[in-house]
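Listed below, chain by chain, are the residues.
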Amino acid sequence: MKSNIFKKIALCCASAIIACSVGAFAGCNPETNHPEVRITYEFNGENYAVEYKLYRNMYPHTVRRFVELSENGFYDNMIIHNYQTNDWFTGGYTYNEADYSANVDNAGQMSDYFDTFSKEEAYNELFTAGKLSASVYSNVRYDDNGKTYVVAEDALPTVMGEFKNNIQQEIEKGALTADYGSLKMFYYPKESKQKIFVTPTNDQIILADYDNNCATSVFAVQTGLSSTYSEANYSVFASLKTTDVFDDLVAAVKAYIDDNYSGTASNFYTANVEARVDNYDNFSNKPVNDKGTSVTFNVPKQPIKVVSVKVIKY
């Protein structure tokens, strides 16, 4: 299958970037344009094993980060922490049954839950340990001939944003759209207008905006036919292999809302739960002990859990 290409950024060297990422997984697995993962969700006592096709040929950095996190068990035992009409958000918080059930009906107490069970520290530990590959840098160096290069000590833990509104990241043919069942790498808007450097391929270094290249681990699972979180601003990197099991999961949540809340979805979640995110933001203008940004979540009263994310094809 012929790989798709960016209009201005050739990906001819992308395989060299993503092959055999240090520490990402044992050995060196043959890599394809379309890795596959199985996400096992749990809702109301039932498991739903949903398989996805990833698009490494078009979104190499995003897919590499997702695979690395999955291989390190980062996504196992998480919650859908923010329930929106057409999107569920996960990738940031561990599930603890006792604390979740005790606090979920109280917005203030649930805020404390998010402080306690945030995965941001664990994420940064993986990056510091060299288990997550770099694509974003705070600085560039110059060799004796004036040619730029990057070094590990300048690497940032965020991911280059591979979406339409970022630097020349419009894909000519075959780009994914934000559609039912798709997975989208998500980021919280940044106050900082900091410039950074990104490496689309192993022989390119480009000046860019930090705000468009600041994703870490959070991703959205689209549950509707449309979404405000589109491919224009968020990297849509995976689609459903088949819809049947995912249909069952979405239907089970809807049936639960119908049975327990007379079909009123807003009663299914605790609204306006405040959380502090991006507590390790490299360019925050806030004090060291208060770098985070305040956001609010709609937290499902009956947990929707991510039991595990397993790579089933590289």
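A. Quick peek at unusual backbone geometry. The phi angle at Asn272 is positive, at roughly 55 degrees, despite the residue not being glycine. The residue Asn272 is located in strand E15 (residues 269–277) in this model. Judged by its relative accessible area of 58%, Asn272 is exposed. Within the chain, Asp278 stands out as a residue other than glycine whose phi angle is a positive 55 degrees. With respect to the secondary-structure elements, Asp278 resides in the loop between E15 and strand E16 (293–300).

B. The sheet that holds strand E12 (residues 206–209), seen in detail. Across the sheet, four strands lie side by side as E9-E6-E11-E12; this open sheet has antiparallel pairing. Of all the strands in the sheet, the pair left with one neighbour each is strand E9 (155–156) and E12. As judged from the four bridges shared by strand E11 (residues 195–198) and E12, these two strands associate in the antiparallel manner. For Val198, the partnering residue across the bridge sits in E12 and is Ile206.

C. Spatial organisation of the packing of aromatic side chains. If you walk through the whole model with that rule in mind, you get 31 aromatic pairs. Judged by centre distance (5.2 Å) and plane angle (35 degrees), the rings of Phe66 and Tyr75 are tilted. Residue classification places Tyr75 among the buried positions, given a relative accessible area of 1%. An angle of 65 degrees between the planes, with centres 5.3 Å apart, marks the rings of Tyr180 and Phe246 as edge-to-face. Residue Tyr180 is found in the loop between E9 and strand E10 (183–185), and its partner Phe246 is found in helix H6 (residues 244–261); the two are separated by 66 residues along the sequence.

D. Summary view of the sheet that holds strand E1 (residues 36–43). Read across the sheet, nine strands follow the order E3-E17-E1-E2-E14-E10-E13-E5-E4 without closing on themselves; strand pairing throughout is antiparallel. Across the chains shown, the open sheet's two edge strands, defined by having one partner strand only, are strand E3 (78–79) and strand E4 (82–83). As paired elements, E10 and strand E14 (residues 235–240) share three bridges and run antiparallel to each other. Paired with Leu183 across the strands is Ala238, a residue of E14.

E. Local environment of the side chain of Asn212. Mapping Asn212 onto the fold places it in the loop between E12 and strand E13 (219–222). Asn212 gets classed as buried once you look at its relative accessible area, which sits at 15%. Dropping the residues within four chain positions of it, Asn212 is found in contact with Gly161, Phe163, Asn165, Asn166 and Tyr187.

F. The environment of His34, seen in detail. Assignment of secondary structure puts His34 in the loop between helix H1 (14–18) and E1. Owing to a relative accessible area of 11%, His34 belongs among the buried residues under this scheme. Separated by 29 residues in sequence, His34 and Val63 place their C-alpha atoms 9.4 Å apart. Within the local environment of His34, its side chain forms a polar contact with the backbone oxygen of Leu54, the two atoms lying 3.2 Å apart.

G. How the structure looks around helix H2 (residues 60–71). Counted at 1.5 Å a residue, the expected span for H2 with its 12 residues is 16 Å, and the 16 Å between its end C-alpha atoms agrees. Those residues of H2 that sit buried are Pro60, His61, Thr62, Val63, Arg64, Arg65, Phe66, Val67, Glu68, Leu69 and Ser70. Backbone geometry just downstream of H2 places Gly73 in the positive-phi region, at approximately 70 degrees.

H. Representation of H6 within the structure. With 18 residues, H6 extends 25 Å from end C-alpha to end C-alpha; this agrees with the ideal 26 Å at 1.5 Å per step. Among the residues of H6, those classed as buried are Phe246, Leu249, Ala252, Val253, Tyr256, Ile257 and Tyr261. Projected onto a plane normal to the axis of H6, the buried residues spread over an arc of 130 degrees and lie on a single side. Away from its buried face, by an angle of more than 90 degrees, H6 presents the exposed residues Lys254 and Asp259. Ser262 sits one or two positions beyond H6 and adopts a positive phi of about 50 degrees.

I. Broad picture of the pairing of E1. In terms of burial, E1 is a largely internal element, six of the eight residues being buried. Between the antiparallel neighbours E1 and strand E2 (residues 46–54) lie two residues, among them Asn44 with a positive phi of about 55 degrees. Alignment of E1 against strand E17 (residues 304–313), held across eight bridges, turns out to be antiparallel. Bridge assignment links Glu36 to a residue of E17, and that residue is Lys313.

Conventions and cut-offs
- Residues numbered from 1 in each chain as written.
- Predicted model: local features only at pLDDT ≥ 70, side-chain atom pairs only at ≥ 80, totals over all residues.
- Heavy atoms only, no water.
- Helix = DSSP H or I, 4+ residues; strand = E, 2+ residues; numbered from the N terminus.
- Buried < 20%, exposed > 50% of the residue type's maximum accessible area, 1.4 Å probe, protein only.
- Pairing = 2+ DSSP bridges.
- Phe/Tyr/Trp six-rings, centres within 6.5 Å; stacked < 30°, edge-to-face > 60°.
- Contact = heavy atoms within 4.5 Å.
- Polar contact = N/O pair within 3.5 Å; in protein donor to acceptor, adjacent residues only side chain to side chain.
- Expected span 1.5 Å × (residues − 1).
- Arc of directions from axis to C-beta.

None of this, on its own, says anything about what the molecule does.
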